[in-house]
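Each chain, written out:
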Amino acid sequence: MSKCLKALALSFAALLVLTTEHGFSAPRQDGKKAAPPAAKKTGIGREATAKEIEGWNISVRPDGRGLPVGKGTVKQGEPLYVERCASCHGEFGESAGRWPILSGGNGTLKGHDPVRSVGSYWPYASTLIDYIRRAMPFGAAQSLTNNELYAITAYVLYLNDVIRDERFELNERNFMSIRLPNQPNFIDDDRESTEKEFWRKTPCMTNCVPDEAKITGRAQIIDVTPETGKSPKVE
Amino acid sequence: MAGTDRHKDKPAASRRTVLRAALAAGGAAALGRSALADAGNPANQPPNVPDWTRNLGDGVAVRAYGKPSKHEAHVIRRDVEWLTASRESSVSFTPLHELDGVITPNGLGFERHHSGIAEIDPADYRLIIHGLVDKPLIFTLDDLKRFPRVNRIHFCECAANSGMEWRGAQLNGCQYTHGMVHCVMYTGVTLKTLLDEAGLKPKAKWLLLEGGDAAAMTRSLPLQKALDDALIAYRMNGEMLYPEHGYPARVVLPGWEANMWVKWLRRIEVGDQPWHHREETSKYTDLLENGIARRFTFVMDAKSVITNPSPQAPLRHKSGFTILSGIAWSGRGKISRVDVSLDGGRNWRPARIDGPAWDKALTRFYYEFDWDGRELLLQSRAIDETGYVQPTKNELRKLRGVNSVYHNNGVQTWHVHKNGEVENVEVS
């Protein structure tokens, strides 16, 4: 055995020991378990400082974790909303064009044209303040002060009749008193039990449906497909 | 010179003109293109000798970064303008009908952005892992590349792929009906490796993945998936990720909906419960007929589509030997079989899978037959290794209604007319 081969064999053996010891494995493309070497610490990277984390950690959870310190009333929120939000979301949250609708739609979820607004669909108010904080206004993300954030959030909740008094001041201490009505109407993924019928031992191969197939709908009649000539220009 | 001059002499035969004529005639756009391709230019064909056989061409490195032939310039991602309010928060679609095999070229994989593409300087790239860990860590891109690497080929499908088709046939082309999927080889580090480095606290159950784009896009991820097969990838098909796919680092969650594959990844927070953020409550939840909405519907059900022929790629011959080609995939594992039907789902026959049928990856199938020139109602159905059989659209609607937007994996029907044109239809 050449030196080179011996070294290879040795390191391979070491690898085997390591993998067995740590029981570390990740699925391989063929579905079997393969093991990138060593689950032990490499020392790569460095400890993140509290200040670094604070600068980027903007997430808010339904239990109130992550709520920034601040306050704002519905009344204070109205002019801010009109100035920075209404051009896309509409003066009353009804949406302008195809931008997301923020209000209305109560009682529509079982109908033919369900409206998924903050008040009619969203389960948690924390989602609203979190999203405004991280992504709004569109094109000027993370530009709001904490007080502006609370004021605009309060105003959107007011548009949804979740807050009814325009003098109401929303802050990090009373935020958890806000409840959205549709919260109970979410369930975790249950497809593997409710759609069990899609696991079929012997899928039908011949004469699976009686009668000849009839066309019941055509895309060309609806005619909403972009024309090839209109696509983005390529150099 | 013959070839070039001939084209100059005949501007009326430009592709665009033919396309317009075809559209005006009410035909499929692509039919015009194929007619042109069939005609060609006799001056370039035997017994004549074309320019490219007489004259020198470009030398090496003139095309320092290669791209497809100028004759393939129509093979691009396309968007549907009316779908969204702005291109920064929108989607473009993979031209599936122009591709074969199972790997998507880097420049053609569909895009979905929530606040546009973040252009990140790799020198300033940082990834923070914190929360319920022994030691919060911060990594540079070079740090990520120092960890043990893995290579994985997986499909990536938007949960809203085919979402416009819930109420009936709407968009005429598999690029639009099924083009929110692509499949590349990712190179990166397993998420488990990074979590081991930080050390998980016993209460850790969920992770928050957060992007560095102007939406700071977030999704909650169950820890089990993170430990099972999640990757933090920085390469696709060997190259560094393209900016539109999350350069310099993104999350890869094999078999799970693409919205969770956070691009431009900047932060991973470890917690004991999900965050219920916008993309897992207001969006990416599946509203059922009874007003109840399913959440955390992560897995992509088995699905398939015939890519050729399809409305953008009609049949160019009137009859005779004909190849159907398509792709199948499943978020639960490998594709074990694909069946095709020529009569709208009355009778089925197994298709021929060619090339690799990898775990949670696009799988290519073909079906060859002698076309007698009659109208066809083409369908394909995927069967995965768990025994899941791709349902018809009506079977799906029966269980879910038509309001769920996401996870439409119903069987697609293409109507092939006698003249070879193809239309997106629904059948009884």
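Since the model is a prediction, treat every value here as computed from it, not as a measurement.

So, the overall build of chain B
When helices and strands are tallied, chain B shows 9 helices and 24 strands. In chain B, buried positions account for 64% of the 428 residues. The contacts of chain B with a sequence gap of at least 6 include a subset with a gap of at least 24, amounting to 70%. Working note: accessible area of chain B is about 15700 Å², and carbon and sulfur atoms make up 53% of it.

Considering the pairing of strand 23 (residues 413-416) of chain B
Residues and elements named next belong to chain B. Neither face of strand 23 is left uncovered, since the one carrying Thr413 and His415 and the one carrying Trp414 and Val416 both have all their residues buried. In the sheet, strand 23 pairs with strand 24 (residues 422-427) via 4 bridges, with the strands oriented antiparallel. Of the residues in strand 24, the one forming a bridge with Trp414 is Asn424. Counted along the chain from strand 23 to the antiparallel partner strand 24, the turn is 5 residues long, and its residue Gly420 has a positive phi close to 95°.

Here's the deal with the pattern of salt bridges
Following the criterion strictly, the structure yields 43 salt bridges over all chains and no others. Where Arg134 of chain A meets Asp130 of chain A, a salt bridge forms, and the shortest distance between an N and an O atom there is 2.8 Å. Taken together, the residues span about one helical turn, with Arg134 of chain A and Asp130 of chain A both in helix 5 (residues 125-135) at a distance of 4 residues. Overall, Arg134 of chain A belongs to the buried group, its relative accessible area being 1%. Of the charged contacts, one joins Arg294 of chain B and Asp190 of chain A as a salt bridge, the two residues approaching to 2.6 Å between their closest N and O atoms. With Arg294 of chain B in strand 15 (residues 293-295) and Asp190 of chain A in the loop between strand 6 (186-188) and helix 7 (191-194), this pair bridges two chains.

Considering the interface of chain B and chain A
Contacts between the two partners involve 127 residues from chain B and, on the opposite side, 95 residues from chain A. Both faces considered, chain B and chain A share a buried interface measuring about 9400 Å² in area, 54% of it formed by carbon and sulfur atoms. If you sort the residues of chain B by the area they bury against chain A, Arg278, Arg295 and Arg346 of chain B come out on top, with a joint share of 7%. Summed over the shared surface of chain B and chain A, the result is 10 salt bridges. Across the salt bridge formed by Glu195 of chain A and Arg400 of chain B, the nearest N and O atoms sit 2.6 Å from each other. A per-class count over the side of chain B that touches chain A returns 48 nonpolar, 36 polar and 43 charged. Relative to strand 15 of chain B, strand 6 of chain A runs parallel, the two sharing 3 bridges. Directly across from Phe186 of chain A, in strand 15 of chain B, lies its bridge partner Ala293 of chain B.

Some words on the confidence of the model for chain A
Residue and element names in this part refer to chain A. Averaged over all residues, the pLDDT of chain A equals 87, while 80% of them reach at least 70. Per-residue pLDDT stays below 50 along residues 1-27; that stretch engages in 29 contacts with residues further than four places along the chain or on separate chains. Taken as a whole, residues 229-235 scores under 50 in pLDDT and shows 10 contacts with residues more than four places along the chain or in a different chain.

Some remarks on the state of the cysteines
Residue and element names in this part refer to chain A. Here the structure, examined in full by the defined rule, presents 1 disulfide over all chains. Put simply, Cys204 and Cys208 are joined by a disulfide, and their sulfur atoms are 2.2 Å apart. Residues Cys204 and Cys208 are joined through a disulfide that is left-handed, its torsion about the S-S bond being -100°. By relative accessible area, Cys204 is classed as partly exposed at 35%.

Thoughts on the packing of helix 3 (residues 74-84) of chain A against helix 6 (residues 146-159) of chain A
All names here are of chain A. At a closest axis distance of 7 Å, the pairing of helix 3 and helix 6 adopts a crossing angle of 90°. Here helix 3 is positioned roughly perpendicular relative to helix 6, judged by the angle of their axes. Where helix 3 abuts helix 6, its residues Val74, Gln76, Gly77, Glu78, Leu80, Tyr81 and Arg84 lie against Glu148, Ala151, Ile152, Ala154, Tyr155, Val156, Tyr158 and Leu159. Taken together, the residues that form the contact of helix 3 with helix 6 break down as 10 nonpolar, 2 polar and 3 charged.

Some details on the sheet that holds strand 8 (residues 206-211) of chain B
Spatial strand order, 3(A)-5(B)-4(B)-13(B)-8(B)-9(B): 6 strands in an open sheet with mixed pairing. Looking at the sheet topology across the chains shown, the edges are occupied by strand 3 (46-47) of chain A together with strand 9 (218-222) of chain B.

Remarks on the packing of aromatic side chains
Two measures describe an aromatic ring pair: the distance that separates the ring centres and the angle between the ring planes. In the structure shown here, the tally under the stated rule is 16 aromatic pairs over all chains. Relative to Tyr388 of chain B, the ring of Phe198 of chain A lies with its centre 6.0 Å away and its plane at 80°, an arrangement referred to as edge-to-face. One end of the pair, Phe198 of chain A, is in the loop between helix 7 and strand 7 (215-218); the other, Tyr388 of chain B, is in the loop between strand 22 (376-384) and helix 9 (393-400), on a second chain. According to the relative accessible area criterion, Phe198 of chain A is buried, its value standing at 0%. Relative accessible area serves as the criterion here: at 1%, Tyr388 of chain B is assigned to the buried category. Members of the aromatic cluster, connected to one another through ring pairs, are Trp206, Trp256, Phe296 and Phe298 of chain B. Above the ring of Tyr388 of chain B, the side-chain terminus of Arg332 of chain B is found at 5.3 Å from the ring centroid.

A word on helix 6 of chain A
Residue and element names in this part refer to chain A. Taking 1.5 Å as the rise per residue, helix 6 with 14 residues should run 20 Å; its terminal C-alpha atoms sit 20 Å apart, in good agreement. Within helix 6, 11 of the 14 residues are buried, which leaves the element mostly enclosed by the surrounding structure. Of all the residues in helix 6, the buried ones are Glu148, Leu149, Tyr150, Ala151, Ile152, Thr153, Ala154, Tyr155, Val156, Leu157 and Leu159. In the core, the buried residues of helix 6 are packed alongside strand 4 (71-73), helix 3, helix 5 and strand 5 (169-171). Phi turns positive, to about 60°, at Asp161, one or two residues after helix 6.

Description of the packing of helix 5 of chain A against helix 6 of chain A
Residues and elements named next belong to chain A. Following both chains from N to C, one finds helix 5 and helix 6 inclined at 130°, their axes separated by 10 Å at the closest point. When the axis of helix 5 is compared with that of helix 6, the two are oblique. By crossing handedness, the relation of helix 5 to helix 6 is classed as right-handed. Judged by residue contacts, Leu128, Ile129, Ile132 and Arg133 of helix 5 engage Leu149, Tyr150, Ile152, Thr153, Val156 and Leu157 from helix 6. Looking at the contact of helix 5 with helix 6 residue by residue, the classes come out as 8 nonpolar, 1 polar and 1 charged.

Here's the deal with the sheet that holds strand 6 of chain A
Pairing between the strands of a sheet comes from backbone hydrogen bonds, and it takes one of two forms, parallel or antiparallel. The strand order across the open sheet built from 3 strands is 6(A)-15(B)-14(B), with neighbouring strands paired in mixed fashion. Unpaired on one side and paired on the other, strand 6 of chain A together with strand 14 (286-287) of chain B mark the two borders of the sheet.

A word on the environment of Arg295 of chain B
Inspection of the secondary structure puts Arg295 of chain B in strand 15. Residue class for Arg295 of chain B comes out buried when judged on its relative accessible area of 17%. Distance from Arg295 of chain B to Lys283 of chain B, taken between C-alpha atoms, is 9.4 Å for residues 12 residues apart in sequence. Once residues lying within four places of it in the same chain are set aside, the contact partners of Arg295 of chain B are Tyr124, Phe186, Ile187, Asp188 and Asp189 of chain A together with His276, Glu280 and Thr285 of chain B.

Some points on the side chain of Glu244 of chain B
Following the sequence through the fold, Glu244 of chain B ends up in the loop between strand 11 (239-240) and strand 12 (250-252). At 2.8 Å, the side chain of Glu244 of chain B and the side chain of Arg77 of chain B are in polar contact.

What counts and how
Note that residues are indexed from 1 along each chain, following the sequence as it is written. Throughout, the order in which chains and ligands are written sets their labels, letters from A for the former and numbers from 1 for the latter. Under the rules for a predicted model, residues below a pLDDT of 70 receive no local features and side-chain atom pairs below 80 are neither given nor counted, while totals for whole chains, interfaces and linings still include all residues. The side-chain numbers reported here are obtained from all heavy atoms of the structure, hydrogens and water having been left aside. Strands are runs of DSSP state E lasting at least two residues, helices are runs of H or I lasting at least four, and both sets are numbered from the N terminus onward. Residue burial is assigned from relative accessible area. The probe radius is 1.4 Å, only protein chains are included, and a residue is buried under 20% of its type maximum, exposed over 50%, and partly exposed in between. Residue contacts are counted whenever heavy atoms from the two residues lie within 4.5 Å of one another. All accessibility values rest on the Shrake-Rupley procedure with a 1.4 Å probe; residue burial counts only the protein chains present in the view. A pair of strands is treated as paired once DSSP finds two or more bridges between them. Should a side-chain nitrogen of Lys or Arg be within 4 Å of a carboxyl oxygen of Asp or Glu, the pair is scored as a salt bridge. Two parts lose some accessible area (1.4 Å probe) when they are put together, and adding that loss for both gives the buried area. Under the grouping applied here, Gly and all other residues not named as nonpolar or charged are polar, the nonpolar ones being Ala, Val, Leu, Ile, Met, Phe, Trp, Tyr, Cys and Pro and the charged ones Asp, Glu, Lys and Arg. For every residue, the predictor assigns a confidence score, pLDDT, that lies between 0 and 100. Cysteine sulfur atoms are paired as a disulfide whenever they come within 2.5 Å of each other. Note on definitions: angles span 0 to 180 degrees between N-to-C directions of axes, and those axes are lines fitted to C-alpha atoms, for helices only across the stretch in contact. Roughly parallel covers angles under 35 degrees, roughly antiparallel covers those over 145, roughly perpendicular covers 65 to 115, and oblique covers all other angles. Only Phe, Tyr and Trp rings are paired, with Trp represented by its six-membered ring, and only when their centres lie within 6.5 Å; those with planes under 30 degrees apart are stacked, over 60 edge-to-face, the remainder tilted. Placement of a charge over a ring requires the Lys NZ or Arg CZ to be within 6 Å of the ring centre, with the centre-to-atom vector within 35 degrees of the ring normal. Expected helix span is computed as 1.5 Å times (number of residues minus one). Crossing handedness is read from the near helix: turned anticlockwise from the far helix by less than a right angle, it gives a left-handed crossing, and turned clockwise, a right-handed one. Polar contact is defined as a pair of N or O atoms within 3.5 Å, subject to the rule that within protein one atom must be able to donate a hydrogen and the other to accept it, and that residues adjacent in sequence are counted only when both atoms are side-chain atoms.

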